[in-house]
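# Fold and contact review
Listed here are the chains, written in short residue letters.
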Amino acid sequence: MNNVNECCHECNTQKIDQTKDNCPVCNKGGISVSKVTVEHLVTDDYLKLVDGEQYKICMNGDCSVVYYNVDNGVRFLKEQVKVPVWFKKDADPKYACYCSEVTEGQVIEAVVKHGAKTVKEINAITGAMKNPNCKENNPLGVCCHKIIQEAIDKGLK
């Protein structure tokens, strides 16, 4: 099941492309994220600051910035986002599937204890990807298939 489009029927499965617009704090590359994703994931206290369309997510795990706007300089830190971002330092829990709240640990356990080797098997065991609304729930705004596969790979090691 390598076809990402098969993973969930209503989530955004667009390809993520690296851009040259770097994080204003760590100067590392960011990835484009929909304003809809940012609006759904910043805490209510900061929702009024979501302005403009050009949002990026800082991919540096050590940086405290999650989202930033390349046009107006607005940025949102880890503590200003409703969910822990799995690749950021000290994320707890580390979700592999945000929509179904399945953690990386649960995926690894399904691999080690139940012999799961595919995303489809993980989905059956853990309930991952049963309630897809990835554009609003996943910090990248895309399907969690790749995150689950990375967790499977960790479990297989």
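Residues numbered from 1 in each chain as written. Predicted model: local features only at pLDDT ≥ 70, side-chain atom pairs only at ≥ 80, totals over all residues. Heavy atoms only, no water.

### With respect to the nonpolar core
The biggest cluster of nonpolar side chains holds 39 residues, and the ones touching the most others in it are V38, I57, Y67, C97, V107, I122 and I148. Sorting the residues of this core by element identifies β2 (29-33), α1 (35-41), β3 (55-58), β4 (65-69), β6 (95-97), α2 (104-114), α3 (119-126) and α5 (145-156) as the ones contributing at least two each. Sequence-distant contacts of V38, that is, excluding residues within four places in its chain, are made with V33, V50, Y55, Y67 and F76. (Core = buried A, V, L, I, M, F, W, Y, C linked by side-chain atoms within 4.5 Å. Buried < 20%, exposed > 50% of the residue type's maximum accessible area, 1.4 Å probe, protein only. Helix = DSSP H or I, 4+ residues; strand = E, 2+ residues; numbered from the N terminus. Contact = heavy atoms within 4.5 Å.)

### Re the pattern of salt bridges
Should the charged atoms of two oppositely charged side chains come close, the side chains can pair. With the rule as written, the count across this model stands at four salt bridges. The salt bridge involving K35 is made with E53; its shortest N-O contact spans 3.7 Å. In this pair, K35 is assigned in helix α1 and E53 in the loop between α1 and β3, connecting sequence segments 18 residues apart. Assessed through its relative accessible area of 55%, E53 is described here as exposed. Among the salt bridges present, the one from K82 reaches D44, with a minimum N-O distance of 3.8 Å. Of this pair, K82 sits in the loop between β5 (75-77) and β6 while D44 sits in the loop between α1 and β3, and the two are 38 residues apart along the sequence. For K82, a relative accessible area of 47% corresponds to the partly exposed category. In this structure D44 comes out as exposed when scored by relative accessible area, which is 62%. (Salt bridge = Lys/Arg side-chain N within 4 Å of Asp/Glu carboxyl O.)

### Considering the packing of aromatic side chains
In this structure the tally under the stated criterion is four aromatic pairs. Three or more aromatic residues link up through ring pairs in this structure, and these residues are W86, F87, Y95 and Y98. (Phe/Tyr/Trp six-rings, centres within 6.5 Å; stacked < 30°, edge-to-face > 60°.)

### Focus: α3
When we look at burial in α3, the residues that qualify are V119, I122 and N123. End-on view of α3: buried residues confined to an arc of 100 degrees, all on one side of the axis. Opposite the packed face of α3, turned more than 90 degrees from it, sit the exposed residues K120 and A124. Contacts made by the buried residues of α3 are with α2 and α5. Residue G127 follows α3 closely and has a positive phi angle near 85 degrees. (Arc of directions from axis to C-beta.)

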